[in-house]
Structures are given as C-alpha cells and as structure tokens.
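One-letter residues, chain by chain:
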Amino acid sequence: MSAAAQLCGNPSSVHVFGRAARKAVEDARGRVAALASAHPADIVFTSGGTEANNLALRGCGRKRVLASAIEHPSVLEAAEGIETIPVNAGGAVDLDALRGMLASRGEPTLVSVMLANNETGVLQPVAEAAALAREFGALMHCDAVQAAGRLPLDIAALGVDMLTMSAHKMGGPKGAGALIVAERVRLEPIIRGGGQERGRRSGTENLPGIAGFGAAAELAALDLAAVREIARLRDMLERCVADEIPVARIIACDSERLPNTSCLALPGVPAETQVMALDLEGIAVSAGSACSSGKVKPSSVLRAMGLSDEIAACAIRVSLGSETGEAEIQRFVAAWKAVAVRAGRAAA
Ligand code: PLP
C-alpha cells in the first residue's frame, strides 16, 4: 500500500507514470480474482462490500429481488420492495421457500443469498440456491464478504452470476471491495462518469486501497490452511463456555459455520452491558453486526431464526483471528464468566 501511495500517476493516464499505476491496479485485480477463481476482467473494484452489494442489486436490471432474511443491510436496503426468503432455526436459508417464491411469479428476478452470515457465521446453501435461480431463469448474487479469505471460494462452483467481497474482512484496508460480475450479466453502473472499471464503476481508482486489497487477497489464500486451527480454538471457546456458564446459549452451534465466529447469548444480561464490561477487560466483541454499529438493537438475524427478542437482545458476536491463541480464549471465558457471575447468571 505504501508503494502504491507513492505512485503519482493516474491509472487512466497513458504516460509512464499512469502505466505504473495501471499495473498496480491490474496486479491487484489478478490477485483478488484468484482468491475466488474468477476471471480478472470480471472484477469491478468498489469502495467496499456495501457499494458492491448496491451495485449488484441496483445494476442488474431485475425488478424483483428475493434476498434471505439474514442478509446484511447493504443488501436488504439496496432496493425497494425486496422480498425476504425465510431461514430455518439453524440460521440457513429455506430452499423450499425460495423455490415457492420463484415459482409464484414469472417476472425477471434476482436472488441474493450470502455465503456466510456476519452474526452467526452460518454457511448458506448458495450453490443449491443458485441452481434453483437458474432453473427459474433468475440471476444469482452472493455476498461473500464474510467468507472470502476464510473459506475456499470458487465462483464457478457456486454457480453465481455476481459475488461481493470486501478487503477489510481479510485483513486488507477499509474502503476497498469488489463485485465480481460474470461476463454474461449486463450490469448498469450506479456511479457514472469517467468510465473506469470498463464502464461499470466510474471514478479514479483508490490505488493504495486496491493494492492493499490485492495483497490481502494473496495472503488470505495462503492462510486458508490456518482455518482449521481457528476452528479448533472456536470449538474450545464454546466448550469452555458450556462448562463454565451453563445458562449461556451458543447460537447455531449445530449448523455448519465459519471457523472464526461464535454467537453467544447470556440471557438476562443486555448485549451492550456485556460489550462494555468486556471492553473494560480489553476484550473487543460486538453486539449484533459491528458494521452498522454504534447502534445496538436486537439482532434481526437472530429474530429471523425464530429466537425471542429477549435472547436476541442478549447476544454478542465473538470473532477469532489468525493471531488468536489459547491464552486469549481463556481470558475471554474468564471475563465473560465474571460478567455472568456479577449478574447472578453463573456460580462463582
Ligand atoms: N456484507 C456483509 C456480510 C458484511 O458483514 C459487511 C460488513 O461487515 C458488508 C457486507 C459491508 O462491507 P463494507 O464494510 O466493506 O462496506
């Protein structure tokens, strides 16, 4: 990123400085594409996952949009009149319901289902949803912001037409992302002007951000092997929680999930109280979805899974990173238990 920030040229300029900047953009494009086994030409760089989701939903020209009830707000609020596909108690999208919705009306439709949920980590049956979408002539979009860099990703195997990624979820800079758009999709830009990104997203490219995204994507691909260790630590955390704080609920623990995410509820203790108490101990967790936070309100994701408002209001999201070790897990469990003991929810 530092090297890219030193490049004075504009990637659209034809002179030598411009060509150096263009090369940095195209190198990054290749790296980001490789992470999803996609064609570099299909990558549209954006300002992040939010813009990529908006571009997918608003640019694809489909009036009817079916999105899972647990999508990120950057999907659910990107278009008017989105119909939500329910999820089951395990937090995965209900494919029978999707089939029924697709069969109910014949108009041109876009289906949007995320690869992994940002609050529970639950993996979604995207390839199956994409097959259904194809059967009914619908386009398929997948928000892979949480999964990219944490799980192997292959856009062709998923069978989706568009896929969203965000750099900062894989250790890259904030403010960079991409929409992968298969060549067969006719995408209308939502940001018009200079015609950058092959006319699909105008504006001079965020060169350091894009370079950082490329570097992060390359490193994330190498790091995929570390995922097993992260899953082991997450499972250890959940076992300790179950032993030490029996009243705690481990949300979606029987579902297939991202390796690094645990959604925990401490009934009777508001999530914001937990977040603040843990923060005082130097432990950073979030209530609901951090991307839309400061605001803390009962999670719509947990409500969509049929959990009561009381439980949803007491749930926190704990994320592990590649540098998390057993000592951190033990510190978290001790600090969370202390919160539970103070609230009279666990024995000292
Ligand atoms: N989609 C999901 C699933 C997310 O978790 C987030 C943010 O965390 C976004 C989209 C938005 O991405 P960005 O923060 O890059 O705008």
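Residues numbered from 1 in each chain as written. Predicted model: local features only at pLDDT ≥ 70, side-chain atom pairs only at ≥ 80, totals over all residues. Heavy atoms only, no water.

Caption draft 1: How the structure looks around the side chain of Asp42. Tracing the sequence through the fold places Asp42 in the loop between helix H2 (16-35) and strand S1 (43-46). As a buried residue without a salt bridge, Asp42 has its nearest oppositely charged side chain in Arg200, at a separation of 5.1 Å. Look past the residues within four positions of Asp42 in its chain and what remains in contact with it is Leu179, Ile180, Val181, Ala182, Glu183 and Arg200. (Helix = DSSP H or I, 4+ residues; strand = E, 2+ residues; numbered from the N terminus. Buried < 20%, exposed > 50% of the residue type's maximum accessible area, 1.4 Å probe, protein only. Lys, Arg positive; Asp, Glu negative; His and termini not counted. Salt bridge = Lys/Arg side-chain N within 4 Å of Asp/Glu carboxyl O. Contact = heavy atoms within 4.5 Å.)

Caption draft 2: Spotlight on the sheet that holds strand S7 (residues 177-181). The 7 strands lie next to each other as S1-S7-S6-S5-S4-S2-S3, forming an open sheet whose pairing is mixed. The open sheet terminates on both sides in strands that have one partner only, identified here as S1 and strand S3 (83-85). Sheet twist, expressed as the average angle between the axes of neighbouring strands with direction ignored, equals 20°. Inspection of the sheet shows S1 paired to S7 by 4 bridges, in the antiparallel sense. Across the sheet, the residue bridging to Thr46 is Gly177, located in S7. Sheet strands touched by helix H5 (residues 95-104): strand S2 (64-68), S3 and strand S4 (109-112). Its angle to S2, the strand with the most contacts, is close to 175°. (Pairing = 2+ DSSP bridges. Axes fitted to C-alpha atoms, helices over the stretch in contact; angles between N-to-C directions.)

Caption draft 3: Spatial organisation of H5. By the burial criterion, the buried members of H5 are Leu98, Met101 and Leu102. Taken down its axis, H5 places every buried residue within 100° of arc, on the same side. Exposed residues lying more than 90 degrees from the buried face of H5 are Asp96 and Ala103. In this structure, the buried residues of H5 make contact with S2, S3, S4 and helix H6 (126-135). (Arc of directions from axis to C-beta.)

Caption draft 4: Local environment of the pattern of salt bridges. Under the criterion given, the structure shown has 19 salt bridges. Across the salt bridge formed by Glu205 and Arg22, the nearest N and O atoms sit 3.2 Å from each other. Here Glu205, found in the loop between S7 and helix H8 (207-223), pairs with Arg22, found in helix H2; they are 183 residues apart in sequence, far enough to count as distant. Classification of Glu205 as buried rests on a relative accessible area of 9%. When its relative accessible area of 25% is taken as the criterion, Arg22 is described as partly exposed.

Caption draft 5: Spotlight on unusual backbone geometry. The residue Glu197 is not glycine, and still its phi comes out positive at about 55°. Following the sequence through the fold, Glu197 ends up in the loop between S7 and H8. Looking at Glu197, the relative accessible area reads 6%, which means it is buried. At Arg198, a residue that is not glycine, the phi angle is positive and equals roughly 55°. Within the fold, Arg198 resides in the loop between S7 and H8.

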